[in-house]
Amino acid sequence: MAIVKIINSPRSQTLKGLHGVLAYCCRDAKTTHEGRKLITGINCVPQIALQEFMNTKRFYEKTGGRMYYHVVQSFSPEEELTAETAHEIALKLAEQFSGFEVLVGTHTDRDHHHSHLIINSVSAEDGRKYHSDKDNIQRIRMASDQLCMQYGLSIVKPEQKRTPGMSAA
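First things first, this report covers the structure right here in the doc. Worth saying up front: this structure is predicted, and the values here are computed from it rather than measured.

## Things to note about the pairing of strand β6 (residues 102-107)
Consecutive side chains along a regular strand alternate between the two faces of the sheet. Taken across its six residues, β6 has six buried, putting it largely inside the fold. Residues Val 102, Val 104 and Thr 106 point to one face of β6 and Leu 103, Gly 105 and His 107 to the other, with burial holding for every one of them. What sits between the antiparallel neighbours β6 and strand β7 (residues 114-120) is a turn of six residues.

## Some details on the sheet that holds strand β1 (residues 2-7)
Taken in spatial order, the five strands of this open sheet run β1-β5-β7-β6-β4, and their pairing is antiparallel. The two strands at the open ends of the sheet, each matched to only one other strand, are β1 and β4 (39-42). Neighbour-to-neighbour, the strand axes of the sheet open up by a mean angle of 15°, direction not taken into account. Here β4 pairs with β6 via four bridges, running antiparallel. The partner of Thr 40 across the bridge, within β6, is Val 104. Sheet contacts for helix α1 (residues 15-25): β5 (68-75), β6 and β7; angle to β7, the most-contacted strand, approximately 150°.

## Considerations on the environment of Tyr 24
Mapping Tyr 24 onto the fold places it in helix α1. Residue Tyr 24 is classed as partly exposed on the basis of its relative accessible area, which comes to 26%.

## Quick notes on helix α4 (residues 83-94)
Counted at 1.5 Å a residue, the expected span for α4 with its 12 residues is 16 Å, and the 16 Å between its end C-alpha atoms agrees. Of all the positions in α4, only Ala 83, Ala 86, His 87, Ile 89, Ala 90, Leu 93 and Ala 94 are classed as buried. Along the axis of α4, the buried positions cluster into a sector of 160°, meaning they face one direction only. Here the buried face of α4 lies against β2 (32-33), β4, β5, β6, β7 and α5 (136-150).

## Topic: the side chain of Gln 73
Examined against the element boundaries, Gln 73 turns out to sit in strand β5. Side chain to side chain, Gln 73 and Ser 144 meet in a polar contact 2.9 Å long. Discounting residues that sit within four places of it in the chain, Gln 73 has contacts with Ala 2, Ile 3, Val 4, Ile 89, Ala 90, Leu 93, His 113, His 114, Ser 115 and Ser 144.

## Re the packing of aromatic side chains
In this structure the tally under the stated criterion is four aromatic pairs. Their ring planes at 90° and their centres at 4.9 Å tell us that Phe 59 and Tyr 60 sit as a pair that is edge-to-face. The exposure class of Phe 59 is exposed, given its relative accessible area of 63%. Judged by relative accessible area, Tyr 60 falls into the partly exposed class, the value being 24%. Aromatic rings pair up to connect Tyr 69, Phe 97, Phe 100 and Tyr 130 into one cluster. Across the ring face of Tyr 69, the terminal group of Arg 66 is positioned such that the distance to the ring centre comes to 4.5 Å.

Cut-offs used in this document
Residues numbered from 1 in each chain as written. Predicted model: local features only at pLDDT ≥ 70, side-chain atom pairs only at ≥ 80, totals over all residues. Heavy atoms only, no water. Buried < 20%, exposed > 50% of the residue type's maximum accessible area, 1.4 Å probe, protein only. Helix = DSSP H or I, 4+ residues; strand = E, 2+ residues; numbered from the N terminus. Pairing = 2+ DSSP bridges. Axes fitted to C-alpha atoms, helices over the stretch in contact; angles between N-to-C directions. Contact = heavy atoms within 4.5 Å. Expected span 1.5 Å × (residues − 1). Arc of directions from axis to C-beta. Polar contact = N/O pair within 3.5 Å; in protein donor to acceptor, adjacent residues only side chain to side chain. Phe/Tyr/Trp six-rings, centres within 6.5 Å; stacked < 30°, edge-to-face > 60°. Lys NZ or Arg CZ within 6 Å of the ring centre and 35° of its normal.

Now the structure itself:
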């Protein structure tokens, strides 16, 4: 089962904040598993992702506002899941952000594997900005659940909405 969250940190939406989150996601101590680094760039090279994100923003003249989106996909420690498979699932989840530069780093330093997806807010393909609406997290969670089912993993059961009972009045 995977839990998906969007990390909203408005104060870190700066060049320094982008640099910090990319550096955090790529830390060797967190991403190295059995001698292999679990870091992949989609439409970018991980070692120069910051420069590529910024080059895209400058090219399309969209250097203001939100710099990036940060999505975390965490797997239960009870799931029988290798770090490599967790990374593979995160890469497939990153396909939800087609045309955007995405850095995917899978962390193995905790009792549960989890992946960080850092998405450039400006599309490298056409310069449009990614906008997260109120239904965005639900779409990402549904995509994550589909991937978990494909890999034979459990999914989080949706909460049943309770309807208020009727009173005698």
